[in-house]
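Structure at a glance
The residues making up each chain are set out below.
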Amino acid sequence: MTGPREEERPSRERPSRERSPEGDREESREAGREHDGLYGRLKEFEGRPAATAGVGKDLVNEPMIRHWCEAVGDGNPAYTGPDAIAPPTMLQAWTMGGLSGHTDRSAAYEELFGLLDGAGYTSVVATDCEQEYLRPLRPGDRITFDAVIESVSPRKTTGLGAGYFVTTRMDVRADGEPAGTHRFRILKYTPAAKHRPEREDPPQEKRLRPRPVVNRDNAGFWRGVAEHRLLIQRCGDCRTLRFPWLPGCNACGCQEWDTVEASGEGTVFSHVVMHHPRFPAFAAEEGGGPYAVALIELAEGVRMVSNVVGVPYDKVRTGMPVRLEFLRTDPDLEIPVFRGDEG
């Protein structure tokens, strides 16, 4: 138990000095760090290996490249043919353990996470990653890697709960040559206590959908939505249409573009039915679910994720014709959705 701050003790030798609320908060934060004994133990793991002499379970290969490109809709010709390379963003894919898991975790890595779990920080969420590419990966390359526990943050309080951010850095090699670096950051946390509402039916303002992230790359799209126009980017060089909005063309790399307005016609390319967790904001008339989320193929050839409305969730089918409409989700926002046609 600590005593009063020095400023709070009566003193005849010196005058008292004023402190701002910001200064008190900063002092409190620093004191919390100094007295966080767990953080001191976690810091000792920085610089220790997370994996040593790891080997990818497969050589870089064409089937995995094809599956990746089909999943993300990337038709770049550099990823096909006799001189094909792997998409750079697949860097981590060649090092992953798959369903059988990793066998190359270091004792330090296991000890670090055991320490966090034992202290009650048992939940985990990935927060971000950074990649640096040093050379292209080609079919037949053997991937090896080493990983290090690069940093552990002081204890942070987030919307999910309080915990520690742990960053690992993986150095990836292809046939012994440096190929890239992958930094992966997670939050190990204790979930914050949730306050249950006193009544089952929350007020309407609690049912608002999460608002989309609007940034400089997609602001034009949302301006179009506000005008009931669904705008698709078109490359200024090769004239390829693209969605979602990107700062440059994924076919030729050109950064010049204009837009075309979608006709609003489309079909369900694929879909999933969300059963849990329930979100009243997405399907209030059904108590929060189930509801259908679909990948819509527009008549113009691009695809976008949206909700299918107007038909029961269990009647949504691949190939179902849909038509664009705009749904108001709060006083200041409308979003594009698609009305299904069972016939």
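Our structure is the block above this text.
Attention here is on the structure that accompanies the text. (Residues numbered from 1 in each chain as written. Predicted model: local features only at pLDDT ≥ 70, side-chain atom pairs only at ≥ 80, totals over all residues. Heavy atoms only, no water.)

**As for the nonpolar core**
One finds Leu42, Ile65, Trp94, Leu112, Leu137, Tyr164 and Val166 to be the most contacted residues of the largest nonpolar core, which totals 36 residues. At the level of secondary structure, the elements contributing two or more residues to this core comprise α2 (37-43), β1 (49-55), α3 (62-72), α4 (107-118), β3 (143-152), β5 (161-174) and β6 (177-191). The dominant element in this core, judged by the number of residues it contributes, is α4, at 6 residues. Grouped together as the second largest cluster of nonpolar side chains are 27 residues, Leu230, Val260, Val322 and Phe338 included. (Core = buried A, V, L, I, M, F, W, Y, C linked by side-chain atoms within 4.5 Å. Buried < 20%, exposed > 50% of the residue type's maximum accessible area, 1.4 Å probe, protein only. Helix = DSSP H or I, 4+ residues; strand = E, 2+ residues; numbered from the N terminus.)

**Side note on the sheet that holds strand β12 (residues 303-309)**
Here we have 5 strands rolled up into a closed barrel, ordered β10-β11-β12-β14-β13, and mixed in their pairing. Geometrically, the sheet is characterised by an average inter-axis angle of 50° between neighbouring strands, direction not taken into account. As paired strands, strand β13 (residues 321-330) and strand β14 (residues 333-340) are joined by 8 bridges and run antiparallel to one another. Within β14, the residue paired with Phe326 across the bridge is Pro336. Relative to the sheet, helix α5 (residues 219-226) contacts β13 and β14, its axis offset from that of β14 by approximately 70°. (Pairing = 2+ DSSP bridges. Axes fitted to C-alpha atoms, helices over the stretch in contact; angles between N-to-C directions. Contact = heavy atoms within 4.5 Å.)

**Thoughts on the pattern of salt bridges**
For the coordinates displayed, the defined rule picks out 19 salt bridges. Residues Glu177 and Arg135 are paired through a salt bridge, measuring 3.0 Å at the closest nitrogen-oxygen approach. Of this pair, Glu177 sits in strand β6 while Arg135 sits in the loop between β2 (123-133) and β3; the two residues are 42 residues apart in sequence, bridging distant segments of the chain. Taking the relative accessible area as the measure of exposure, Glu177 reaches 43% and is therefore partly exposed. For Arg135, a relative accessible area of 18% puts it in the buried group. Arg234 is the salt-bridge partner of Asp258, the closest N and O atoms lying 3.0 Å from each other. Here Asp258, found in strand β9 (residues 257-261), pairs with Arg234, found in strand β7 (residues 231-235); they are 24 residues apart in sequence, far enough to count as distant. The partly exposed category is assigned to Asp258, whose relative accessible area is 27%. The class of Arg234 is partly exposed, set by a relative accessible area of 23%. Three or more residues joined by partner-sharing salt bridges are found here, namely Glu150, Arg169, Asp171 and Arg183. (Salt bridge = Lys/Arg side-chain N within 4 Å of Asp/Glu carboxyl O.)

**Considerations on the environment of Thr240**
You can see Thr240 is positioned in the loop between β7 and β8 (241-242). Separated by 11 residues in sequence, Thr240 and Ala251 have C-alpha atoms that sit 7.3 Å apart. Leaving out residues up to four positions away in the same chain, Thr240 has contacts with Gln233, Arg234, Cys235, Cys249 and Ala251.

**Regarding α5**
Most of α5 is tucked away, with 6 of its 8 residues classed as buried. Within the span of α5, buried status applies to Ala219, Gly220, Phe221, Trp222, Gly224 and Val225. At its buried positions, α5 is contacted by β7, β13 and β14.

**A look at the side chain of Lys188**
Looking at where Lys188 falls in the secondary structure, it is placed in strand β6. Under the relative-accessibility criterion, Lys188 is labelled buried at 4%. Side-chain polar atoms of Lys188 contact the side chain of Asp117, separated by 2.5 Å. At 3.2 Å, the side chain of Lys188 forms a polar contact with the backbone oxygen of Tyr121. Apart from the residues lying within four places of it in its own chain, the contact partners of Lys188 are Phe113, Leu116, Asp117, Tyr121, Thr122, Ser123, Val124, Ala162, Gly163 and Tyr164. (Polar contact = N/O pair within 3.5 Å; in protein donor to acceptor, adjacent residues only side chain to side chain.)

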